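This is what each chain is made of:
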Amino acid sequence: MAKQYQFKLVLLGESAVGKSSLVLRFVKDQFDDYRESTIGAAFLTQTVALDDGSTVKFEIWDTAGQERYKSLAPMYYRNANCAVVVYDITQPASLEKARTWIRELQRQADPSIVIALCGNKLDLAARRQVTQEEAQKYAEEEGLMWGETSAKSGEGVASIFTSLAKKLPQTAPPPQTRGGGAVRGAPGARAAVDLNSNTNGGQDGCNC
Ligand SMILES: Nc1nc2c(ncn2[C@@H]2O[C@H](COP(=O)(O)OP(=O)(O)OP(=O)(O)O)[C@@H](O)[C@H]2O)c(=O)[nH]1
Ligand SMILES: [Mg+2]
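Residues numbered from 1 in each chain as written. Chains lettered and ligands numbered in written order. Predicted model: local features only at pLDDT ≥ 70, side-chain atom pairs only at ≥ 80, totals over all residues.

Just checking my understanding: could you explain the pairing of strand β3 (residues 55–63) for this structure?
In the case of a regular strand, side chains alternate between the two sheet surfaces. Of all 9 residues that make up β3, 7 are buried, and the element is covered over most of its length. Sheet topology places strand β1 (residues 4–13) next to β3; 8 bridges connect them, and they run parallel. What sits directly across from V10, in β3, is W61. Where strand β2 (residues 41–49) lies against β3, 9 bridges are found, and the strand directions are antiparallel. Residue pairing across strands places A49 opposite T55, the latter belonging to β3. (Buried ≥ 20, exposed ≤ 12 C-beta atoms within 10 Å, placed from the backbone. Helix = DSSP H or I, 4+ residues; strand = E, 2+ residues; numbered from the N terminus. Pairing = 2+ DSSP bridges.)

This is the structure we're talking about:
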């Protein structure tokens, strides 16, 4: 029987870099030019099917980038299996903010968290102010996955989540065998979950 995994994913990054837009593209394949800034956080799920027949269900926490919500972030990254830290390729300050988030994750999140650095708004490449070389070099130095995306055109979006999905089952502890119900690790543990339940590939709830 094919394996079914479940992972908690948190999105972090400065306000307006496009975190919610990336999630909207990934989960519903939609884009909205006039998105409201997120209040608190939004929760969505999406399931990715891998070539080996296994499926990975992401439980996605889309955090609010505005400074006033900063203190909430640890609640969302604490038990996360993976983090997507987003910057805007037209805004160098947003890469600095991403570096700050990455330092915080390296200090405070679980040591085995898989972090992807994501340069969004690739459709605005004519206004690019963060080079691929700079971001990629930083990602390599820190051992992060890296990619560029456009939530607007959809370019690179599926690929960043699929890359994470492929990497996660290798780094996470082996899942429970099927047949014993959907098993979660002990409270606070981050073990991968081999699901028994049906995956619906859609959203379970969303306030975005
Ligand atoms: N051109 C372009 N605009 C984008 C892209 N992604 C997001 N936007 C726009 O950027 C603005 C902010 O996007 P959001 O997804 O709300 O940003 P956010 O990171 O969730 O912001 P907070 O919720 O405040 O943290 C919106 O007007 C989006 O339409 C993209 O890939 N290309
Ligand atoms: Mg948002």
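Help me out: how do you make sense of the nonpolar core in this one?
Most often, soluble globular proteins have nonpolar side chains that are buried together. The biggest cluster of nonpolar side chains holds 53 residues, and the ones touching the most others in it are A83, V85 and I115. Excluding anything up to four places from it in sequence, V85 contacts L12, G13, A98, W101, I102, I115, L117 and C118. (Core = buried A, V, L, I, M, F, W, Y, C linked by C-beta atoms within 7 Å. Contact = placed C-beta atoms within 7 Å.)

Explanation requested: the packing of helix α1 (residues 19–28) against helix α5 (residues 157–171) in the structure shown.
A pair of packed helices is captured by two measures, namely the crossing angle of their axes and the spacing between those axes. Contact pair α1 / α5: the axes reach a minimum separation of 9 Å and the direction vectors enclose 85 degrees. In terms of orientation, α1 lies roughly perpendicular with respect to α5. Together, L22, R25 and F26 of α1 and V157, A158 and F161 of α5 make up the contact between the two elements. (Axes fitted to C-alpha atoms, helices over the stretch in contact; angles between N-to-C directions. Parallel < 35°, antiparallel > 145°, perpendicular 65-115°, else oblique.)

How should the site of ligand 1 be read in this particular structure?
Looking at ligand 1, there are 24 residues lining it, with G18, S21, S37, T38 and G65 nearest. At 3 residues, α1 tops the list of elements feeding residues into the shell around ligand 1. Class assignment for the residues of the shell around ligand 1 results in 6 nonpolar, 11 polar and 7 charged. (Near = placed C-beta within 6 Å. Nonpolar A, V, L, I, M, F, W, Y, C, P; charged D, E, K, R; others polar.)

By themselves, these observations are geometric and do not establish any function.
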